[in-house]
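# Examination of the molecular architecture
Residue-level listing of the chains:
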Amino acid sequence: MTIHPFMIANGWRTGAGEAFSSIDPSTGREVARIGGAGAADVDDAVAAARVALADPAWSGLKCHERAAYLFRIAELMGGRLDELARVQMEDNGKTFAECRSQAASAAATFRYYGAVCETFESEVNTQRGPSVTMTVYEPVGVVAAITPWNSPLTLEAQKLAPILAAGNTVVLKPSEVTPRVALEYARLAIEAGLPAGVVNVVTGAADVGRALVDHPDIDMVSFTGGTASGRAIAKACGARLRPVVLELGGKSPHVVFADADLERARTTVASGIFSGGGQSCVAGSRIFVEASIHDAFLEAICASTQAYRMGPPEDAAATLGPMVSFQHRDHVARAVEAARAEGGKVLTGGAIPTEGALGAGAYYPATVIAGLDNEARVAQQEIFGPVAVVLPFRDEADLVAQANDTEFGLAAGIWTRDFAKAWRVARAIRAGTVWINTYKETSISTPFGGFKQSGLGREKGRTGMRTYMEPKGLYWHVG
């Protein structure tokens, strides 16, 4: 099979590292062979980004000129949404419908940051002396962007677009499980006319990511992925006093009070964990239900869960594709067996399919577990799969205590008709995003990130562009 190259300084190479396979998890077939970067390739990518950072063809651009590149990328993406969706679908098994929606969202991300870039302003500060003072914002420099496998279309756009809008250059390292979307972004950068070295993509395993994080000419690291890897990156960046933004794991509470619209709640609570196969950092995997309605709502959520139909990602009737890989499918299955061993009752799902097309792929059914408390491993450890644990709570104080009793703090959902209660609970739960009577609703204009072990810094929104900039104070003496 032909080896697909990666891109450095608008040139393509297969790399000095070991080539690896991209596997379609719905069939177990190899769909592409990808070149692996070696240490010299990483050096070349960082050097190219460093040269481009100082090149007036990039550094000398006015904001509206830089924005034009982002608008051009968005336009190009809009013309090939199906193609981009298919690449992600083959790499990670999400349904085609979800992948196409994410492709459109990614294009919108580039449009948004083009607009933010074009309208970006410095600030004149209140005068407190004989000088007029200003705050201006400079690019942080060469950014290493390291992305996960669950949603490369949107997550790579959410890094590339603000990094470029801020005037930086970038070396993007995608997950070795889903490398092909990043290669599409490399093609888009070239086709949009970006100067050589502004965007570079290196592919490979964890050693490539480590080489980037440890590289002395990287000015900042932007990482989305697991909490353990995030801690290691934070430690390495701390040793160099290098800024870092980390979007890490979650074990998000999704709360249903007795006064909620229960019919709306049950369908949205189910989609909050099972859409995308639960392979989402914000998945509402801990479902807290007020004790007075616990049994009735548990029955309702099981009914909603059973409506999730496993099937090939291109099947329009399928609502649950395979897990991203066979290795990850087995990880999810082990987590469910551990919950059983702790006394959990698997009410629906909980078994790897073994027959037909489902048996040939990395499928795992939507699964609901009850009969445990918040101390159970399945309620504390991120599974990153279609597994929900349903937990009762007595009252508002008990709910807040349980919801916050986790090392994570990424997201939460609250269902109630009581406006004051929604406000109190939303403020009391330590999470970076709280949805009220909805879940997984997204907006590129709203900052996103986590509390506690769910990350450092914020992405998205105007704040997300400033994440990749350094503020500088200017004093103009007028005395």
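Note that the structure is a prediction, hence the values are computed from the model and not measured.

## Thoughts on the sheet that holds strand E5 (residues 29-36)
Sheet architecture is open: 3 strands sit in the order E1-E5-E4, paired in mixed fashion. The outermost strands of the open sheet, each flanked by one partner alone, are strand E1 (3-4) and strand E4 (17-24). Where E1 and E5 come together, 2 bridges link them in parallel fashion. Considered in E5, the bridge of Ile3 is made with Arg33.

## Description of the packing of aromatic side chains
Two aromatic rings, taken as a pair, are described by how far apart their centres are and by the angle between their planes. Taken as a whole, this structure holds 8 aromatic pairs when the rule is applied. The interplanar angle of 85° and the centroid separation of 5.0 Å between the aromatic rings of Tyr112 and Tyr113 together place this pair among those described as edge-to-face. One exposure class covers both Tyr112 and Tyr113, and it is buried. Where Phe257 meets Phe393, the ring centres are 5.2 Å apart and the plane angle is 80°; that geometry is what we call edge-to-face. Here Phe393 lies in strand E17 (residues 387-393) and Phe257 lies in the loop between strand E13 (253-256) and helix H10 (262-274), a separation of 136 residues in the sequence. Phe257 gets classed as buried once you look at its relative accessible area, which sits at 1%.

## Some points on the side chain of Arg329
Its location among the elements puts Arg329 in helix H12 (residues 326-341). Taking the relative accessible area as the measure of exposure, Arg329 reaches 10% and is therefore buried. One polar contact links Arg329 to Asp330, side chain to side chain, over a distance of 2.7 Å. Arg329 has contacts with Met323, Ile352, Gly361, Ala362, Tyr363 and Tyr364, leaving out every residue within four places of it along the chain.

## Looking at unusual backbone geometry
The residue Ala9 is not glycine, and still its phi comes out positive at about 55°. Mapped onto the elements, Ala9 comes out in the loop between strand E2 (6-8) and strand E3 (11-13). The class of Ala9 is partly exposed, set by a relative accessible area of 32%.

## Observations concerning the side chain of Ser131
You can see Ser131 is positioned in strand E7 (residues 131-139). Contact partners of Ser131, with chain neighbours within four places excluded, come to Tyr475, Trp476, His477 and Val478.

## Here we look at the packing of helix H4 (residues 81-92) against helix H5 (residues 96-118)
Interaxial distance between H4 and H5 falls to 8 Å at its minimum, and their mutual angle equals 125°. Here H4 is positioned oblique relative to H5, judged by the angle of their axes. Considering how the two elements wind past one another, H4 and H5 form a crossing that is right-handed. Of the residues in H5, those in contact with Leu81, Asp82, Leu84, Ala85, Arg86, Gln88 and Met89 of H4 are Phe96, Cys99, Arg100, Gln102, Ala103 and Ala104.

Thresholds applied
- Residues numbered from 1 in each chain as written.
- Predicted model: local features only at pLDDT ≥ 70, side-chain atom pairs only at ≥ 80, totals over all residues.
- Heavy atoms only, no water.
- Pairing = 2+ DSSP bridges.
- Helix = DSSP H or I, 4+ residues; strand = E, 2+ residues; numbered from the N terminus.
- Phe/Tyr/Trp six-rings, centres within 6.5 Å; stacked < 30°, edge-to-face > 60°.
- Buried < 20%, exposed > 50% of the residue type's maximum accessible area, 1.4 Å probe, protein only.
- Polar contact = N/O pair within 3.5 Å; in protein donor to acceptor, adjacent residues only side chain to side chain.
- Contact = heavy atoms within 4.5 Å.
- Axes fitted to C-alpha atoms, helices over the stretch in contact; angles between N-to-C directions.
- Parallel < 35°, antiparallel > 145°, perpendicular 65-115°, else oblique.
- Left-handed = near helix turned anticlockwise from the far one by under 90°.

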